[in-house]
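Listed below, chain by chain, are the residues.
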Amino acid sequence: MKTDPAQLDFFQQPVFPVRTPVQRIDIDRYRAKMKRALARAVRECPHDRPTIAARMAQYLGLPAISKGTIDAYTAESKAAHDISLPRFAAFVYATGALWLWDEAASMQGVTVLIGEEALLAEIAFRQQEQRRAAQELKALMARPVTVTPRGR
């Protein structure tokens, strides 16, 4: 059965959510959220932790990163072991979990578009501009125009 397009679906979640930035970061909650996200990325990754560490090291041009470092980044109990931004970028690369960028930025009210998803935003913007221009044109055309004859 096809649903009415005007009917809202309470269970549908937006693909690109609109977010509100937090006014103050709760560092403990944010740290725990990110460590859980990193742990999820490891679980979903086809590579094991030593391979992820090796891929990170190669990406960063370092001699090595240990499996223990990966364990510390993903353990909520290791509050003193936050991942730096360059290592985070290498972790995303090594695991292939691009969604981590969105997870990290979400508290700032940001939604990260990956690759060609940005084209969807551009299309929507252009459609909005077309609607605005059409409304302006309609308003202009609604007003009668009297042309004064010019002598020849």
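Quick look at the structure, then. (Residues numbered from 1 in each chain as written. Predicted model: local features only at pLDDT ≥ 70, side-chain atom pairs only at ≥ 80, totals over all residues. Heavy atoms only, no water.)

### Examining a nonpolar patch on the surface
On the surface, L85, L98, W101 and I114 cluster together into a nonpolar patch covering about 360 Å² of accessible area. Take W101: it is sitting in helix α5 (residues 99-105). Here W101 falls in the partly exposed class, since its relative accessible area comes to 32%. (Patch = residues over 30% accessible without salt bridge, like charges linked within 9 Å, V, L, I, M, F, W, Y side chains within 5 Å. Areas by Shrake-Rupley, 256 points an atom, 1.4 Å probe, with all protein chains shown as cover. Salt bridge = Lys/Arg side-chain N within 4 Å of Asp/Glu carboxyl O. Helix = DSSP H or I, 4+ residues; strand = E, 2+ residues; numbered from the N terminus. Buried < 20%, exposed > 50% of the residue type's maximum accessible area, 1.4 Å probe, protein only.)

### Things to note about the side chain of K35
Among the structural elements, K35 can be located in helix α1 (residues 27-44). The charged side chain of K35 is buried without a salt bridge, its nearest counter-charge being D82 at 4.7 Å. Excluding residues within four positions of it along the chain, K35 makes contact with A72, Y73, T74, A75, E76, K78, H81 and D82. (Lys, Arg positive; Asp, Glu negative; His and termini not counted. Contact = heavy atoms within 4.5 Å.)

### A short note on the nonpolar core
L38, I52, M56, I70, F88, F91 and L100 are the most contacted members of the largest nonpolar core, which has 23 residues in total. Mapped by element, the contributors of at least two residues to this core are α1, α2 (49-60), α3 (67-74), α4 (85-95) and α5. The element contributing the most residues to this core is α1, with six residues. Excluding its chain neighbours within four sequence positions, the residues that come into contact with M56 are I65, I70, Y73, R87, A90, F91 and A94. (Core = buried A, V, L, I, M, F, W, Y, C linked by side-chain atoms within 4.5 Å.)

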